[in-house]
Amino acid sequence: PTERQLEMLCVHLAAPDHTVTARHLALALGFANWNAANLHYGKFARKLCGEMNVAPATNLAVLVEFFKSPSS
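Residues numbered from 1 in each chain as written. Predicted model: local features only at pLDDT ≥ 70, side-chain atom pairs only at ≥ 80, totals over all residues. Heavy atoms only, no water.

1. Quick look at the side chain of histidine 12
Within the fold, histidine 12 resides in helix H1 (residues 3-14). Looking at histidine 12, its side chain comes within polar contact range of the main-chain oxygen of histidine 18, at 3.1 Å. Once residues within four sequence positions are removed from consideration, histidine 12 is found in contact with His18, Val20, Tyr41, Leu63 and Val64. (Helix = DSSP H or I, 4+ residues; strand = E, 2+ residues; numbered from the N terminus. Polar contact = N/O pair within 3.5 Å; in protein donor to acceptor, adjacent residues only side chain to side chain. Contact = heavy atoms within 4.5 Å.)

2. Quick word on the environment of alanine 26
Tracing the backbone through its elements, the reader meets alanine 26 in helix H2 (residues 22-29). Along the sequence, alanine 26 and alanine 36 sit 10 residues apart, while their C-alpha atoms lie 7.0 Å from each other. Those residues in contact with alanine 26 that lie beyond four places of it in its chain are Phe31, Asn33, Trp34 and Ala37.

3. Concerning the environment of tryptophan 34
Structurally, tryptophan 34 is set in helix H3 (residues 34-52). Taking the C-alpha atoms as reference, tryptophan 34 lies 19 Å from proline 16; in sequence the two are 18 residues apart. If we ignore the near neighbours within four places in the chain, the residues touching tryptophan 34 are Ala22, Arg23 and Ala26.

4. Details of the pattern of salt bridges
One pass over the full model with this rule turns up one salt bridge. Of the charged contacts, one joins glutamate 7 and arginine 4 as a salt bridge, the two residues approaching to 3.2 Å between their closest N and O atoms. Within this pair, glutamate 7 and its partner arginine 4 are both found in helix H1, separated by three residues, close to a single helical turn. Residue glutamate 7 is classed as partly exposed on the basis of its relative accessible area of 35%. (Salt bridge = Lys/Arg side-chain N within 4 Å of Asp/Glu carboxyl O. Buried < 20%, exposed > 50% of the residue type's maximum accessible area, 1.4 Å probe, protein only.)

Given below as structure tokens:
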């Protein structure tokens, strides 16, 4: 992983219950918006999928688990 990819993982790991939104990730990493965080995390996930030779429904599934907040 690149320095930036490791930084993303560290922010995610340090979050309470390892739960982080794309918006929070963007703020923590100095990205302009949550779209940039999604783009970078998605590219990293795609790279990992290739390295592990896996094809989940969405590449991000190798890094995260998706859920809707009860307040959403």
